[in-house]
Amino acid sequence: MKTAIITLDLINEICHEKGKLAQYADRIEARHIIANTNQLTQWGREQEHLICHVRVGFRANHKEVSSASPLFLGAKVNNALVLDSWGGAFCESLNRDVTDVGIIKHRVSAFYGTELDVLLRANRIERLILCGVSTNNAVELTAREAHDRDYYVTVVTDACETNTDEEQKASLRFLSRFAQLSTVNDVIAG
């Protein structure tokens, strides 16, 4: 089955302790989320899977931010998630390869308003392996939309994170309804 590994929002603004939106950077570091993601994507390259790194971001003037979005208005007020800034860049510790695909999104889902679905269909991808932050936002919504687009979905539980243990457990419980939950080691083992 043709597979794509999709990493979500592993950017400085969210994952680095100095990021403007780094509410749980300590959890990301302590649980080795980026290291686990790197292990997963390295395996994926060896298997010749498509690797897509998706990041949320906006122009410096935040023109893409909707006034109806409580989630993204905070980014506008704090001048955060600017694509051409340190905060909007992928984390340095995220291993990316020239063969990987980079995708920019302006909303929570990796599908909304992006070329992701076209890219996946052009490459005849059937299975998506998702990881990144936050589990209860970008990962969950992308998984739900992938499910509704008839992809087989796997969420890698030890390569995802969110604000609290309670949010993580609740999100994974909801995700289990339409996605397979696996660890990095389980995915690699097949």
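Anyway, here's the lowdown on the structure attached to this text. Starting afresh in each chain, residues are numbered from 1 along the sequence in its written order. Predicted model: local features are reported for residues with pLDDT of at least 70 only, side-chain atom pairs are reported and counted for 80 or more only, and whole-chain, interface and lining totals are derived from all residues. Neither water nor hydrogens contribute to the side-chain values; these are computed over all heavy atoms in the structure.

Re unusual backbone geometry
Ser134 follows Val133 through a cis peptide bond whose omega is -15 degrees. Note on conventions: DSSP H or I runs of at least 4 residues are helices, E runs of at least 2 residues are strands, and numbering of each starts at the N terminus. Here Ser134 is to be found in the loop between β4 (127-133) and α6 (135-148). The phi angle at Arg124 is positive, at roughly 55 degrees, despite the residue not being glycine. The topology assignment puts Arg124 in the loop between α5 (116-122) and β4. In this structure, Asp150 takes a positive phi of about 70 degrees despite not being glycine.

Side note on helix α7 (residues 165-175)
Within α7 the residues assigned to the buried category are Gln168, Ser171, Leu172 and Leu175. Seen from one end, α7 has its buried residues packed into an arc of 100 degrees, which puts them on one side. In α7, the exposed positions angled more than 90 degrees off the buried face are occupied by Glu166, Lys169 and Arg173. The criterion used for residue contact is that any of the two residues' heavy atoms lie within 4.5 Å. Buried residues belonging to α7 abut α6, β5 (152-161) and β6 (180-182). Residue exposure (1.4 Å probe, protein chains only): buried if accessible area is under 20% of the type maximum, exposed if over 50%, otherwise partly exposed. In this description, one arc is meant: the one made by directions from the helix axis to the C-beta atoms.

Focus: the side chain of His49
If you trace the backbone, His49 turns up in the loop between α3 (33-46) and β2 (50-56). Ignoring sequence-local partners within four residues, the contact set of His49 consists of Thr3, Trp43 and Gly44.

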